[in-house]
Structures are given as structure tokens and as C-alpha cells.
Amino acid sequence: MKKLVFSALTALTLISTAHAQQVVRIGTLADYAPFEYKDASGKLQGMEIEIGNKMCAAMKVTCQWVTMDFDALIPALKARQIDAVLAQMSRTAEREKSVDFSRIFTTAPVHLVAKKGSGISHQPATLRGKTVGVQTASTHESYFRNRLPTSSSGIKVKVYQSLDAAWLDLESGRIQAVFADSTVAHDWLSKGGQQAGFALAGQAISDDAIFGAGTAIAVRKGDSQLKAQFDQAIVGVHKDGYFQAVNKRYFPFSILPQ
């Protein structure tokens with residue numbers, strides 16, 4: 001009798017496990033509005049959180065959002081503390097040495113933000129003697145380190161753990177510009193930066209070797225199954241209009257890959 005009971009319990013456990021949803025731990029940010037941020041109650045919100053949850057439902061997995069600093073995301077992924085990264089991470093050749101990426105998820109140009117009338121533009125000469133704020137471990141930091149090092153350009157770079165701190169320093173005059181994606185720049189400008197006298201400075205700056213072709217979802221090297229699941233989910237939200245509908249609520253321009 002005991003053997004029969006044990007066998008029955010074992011069978012039920014196997015059935016339950018077979019039907020249990022896969023848990024996917026997604027590393028993200030909590031301070032990168034409007035893509036990821038926490039509301040007054042501490043709940044994680046944002047464009048990527050909304051679309052990410054939609055994709056998880058389509059994948060029939062249970063997603064657990066894990067927030068951390070941007071520079072900790074890839075190390076956490078490689079250490080198996082998380083299973084994927086969805087945090088406006090650009091898919092670049094340098095990062096592909098460490099992780100695998102899904103198909104492109106979003107695209108957006110890169111801009112400097114500065115005080116109107118400051119004379120700052122996309123031309124490097126206008127930044128000589130100035131300090132530019134960038135987020136640590138970002139492609140924006142990489143651009144200045146590799147293309148415009150201080151020793152030759154005369155441009156100082158201040159690195160921030162969070163862009164929130166960079167925006168505060170820009171507004172107070174402690175730095176003269178911030179270099180960021182036009183999406184987060186638009187969000188900050190629309191929420192008070194423009195009223196305070198700031199604007200996009202000059203033209204967008206292009207450098208595919210540094211900035212990549214767009215953002216994507218990172219997974220561990222060799223995790224082809226999870227990559228394929230995300231690829232399919234991205235195609236789904238791009239084609240069924242969900243991505244575009246959410247996009248319109250956050251930006252007056254499209255960040256859908258062409």
C-alpha cells in the first residue's frame with residue numbers, strides 16, 4: 001500500500017512539474033524612465049515592462065523582474081543570477097563576445113542634450129573644455145572613451161550610475177551636456193527639462209560600430225531555446241500592433257525597428 005501511495009504521489013509530482021510554467025528571471029533597471037521606473041507605490045512600470053509582460057504571456061512563461069544597476073546586468077547574466085536582460089541594451093559586437101542577443105527590439109538615435117544657446121552641438125569642437133555626462137557601461141560612455149578621449153579632444157566625461165543623477169547635474173550646471181538615447185532625453189525634456197531651457201543639441205550622432213543596430217534582449221551564450229522564444233515573442237508584438245500602441249503612449253515618434 002505504501003508503495004502504491006508513493007508511486008501515486010510521484011506521478012502527481014511529475015504531472016505538476018510538467019505543467020508548471022517556466023520561470024524566466026529578467027534583469028532590468030528601476031531608474032530609466034520611461035522604459036523602466038518605479039511608481040510612487042514602488043511598483044515597476046514602463047514601456048519595456050509592459051511589452052515584456054505581454055511577451056512573457058505569449059511565451060507561456062512566468063517572468064520575474066530583477067532590478068539592478070546597468071553595469072551589473074551582464075555579469076549577473078553570466079553568473080546565472082538572471083536568465084535574460086531587457087533594459088534598452090544595445091546589441092553591439094563587443095557585447096556579443098559575452099552574451100547572445102535576440103533580434104532587434106527597438107531603435108532610437110543618440111543625442112546630446114544641453115542648454116539652449118550654449119553653442120553645443122554634435123560637432124566635437126563645441127564640447128572642448130566642457131563636461132559631458134554619460135551612464136556607466138553604456139555605449140554612450142564607450143563612444144567618448146573610444147572616439148573622443150579627453151587627451152586629444154579636450155572633452156571631459158563624467159560617468160553616472162544612473163541618468164537621473166546626470167540630469168540633476170545638467171540642470172544645476174555642474175555638467176554642460178548629457179549624451180543619451182533620444183528616447184530617454186525626450187522623456188526628461190518633456191517632464192521639465194525643456195521648460196528649464198534645455199533641448200537636443202545639434203544632430204543625432206551615428207556610429208554603428210559603437211551603438212549597434214538597436215536594442216535587443218540579452219541571454220546567456222548558447223541559450224538558443226530562450227533566444228528563440230524571445231525572437232518569436234518580439235515578432236509577435238511587432239506584427240500584431242501591440243508594440244506600436246504602447247509606443248504611441250510614450251513617444252510622439254516610432255522606435256519600431258525598420
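Residues numbered from 1 in each chain as written. Predicted model: local features only at pLDDT ≥ 70, side-chain atom pairs only at ≥ 80, totals over all residues. Heavy atoms only, no water.

K.L.:
In this structure, what is going on with the pattern of salt bridges? I would like to understand it.
P.N.:
Here the idea is simple: oppositely charged side chains can pair when their charged atoms come close. According to the stated counting rule, one finds twelve salt bridges in the structure shown. As a salt-bridge pair, D169 and K158 come within 3.2 Å of each other at their nearest N and O atoms. One end of the pair, D169, is in helix α6 (residues 163-172); the other, K158, is in strand β10 (residues 156-160), and eleven residues separate them in sequence. The partner of K191 in a salt bridge is D187, and the shortest N-O contact between them spans 3.1 Å. Here K191 and its partner D187 are both found in helix α7 (residues 182-193), four residues apart, which amounts to about one turn of the helix. (Salt bridge = Lys/Arg side-chain N within 4 Å of Asp/Glu carboxyl O. Helix = DSSP H or I, 4+ residues; strand = E, 2+ residues; numbered from the N terminus.)

K.L.:
Sorry, what's going on with the sheet that holds strand β2 (residues 31-32) here?
P.N.:
The strands that make up a sheet pair up through hydrogen bonds in the backbone, lying either parallel or antiparallel. Pairing is antiparallel in the open sheet, where three strands are placed in the order β2-β3-β4. Of all the strands in the sheet, just β2 and β4 (44-45) have a single pairing partner and so form its edges. The pairing of β2 with strand β3 (residues 36-38) spans two bridges and is classified as antiparallel. Counterpart to D31 in the pairing with β3 is Y37. (Pairing = 2+ DSSP bridges.)

K.L.:
Is there a simple way to explain the pairing of strand β8 (residues 110-115) in this structure?
P.N.:
Residues in a regular strand project their side chains so that they alternate between the two faces of the sheet. In terms of burial, β8 is a largely internal element, five of the six residues being buried. Taken together, the five bridges between β8 and strand β11 (residues 177-181) define a ladder with antiparallel strand orientation. Opposite L112, over in β11, you have F179 as the bridge partner. Strand direction decides the pairing type here: β8 and strand β12 (residues 198-205), joined by five bridges, are antiparallel. From the neighbouring strand, K115 faces β12, where its bridge partner is F198. (Buried < 20%, exposed > 50% of the residue type's maximum accessible area, 1.4 Å probe, protein only.)

Interpretation note: all reported values are geometric properties and have no functional meaning in isolation.
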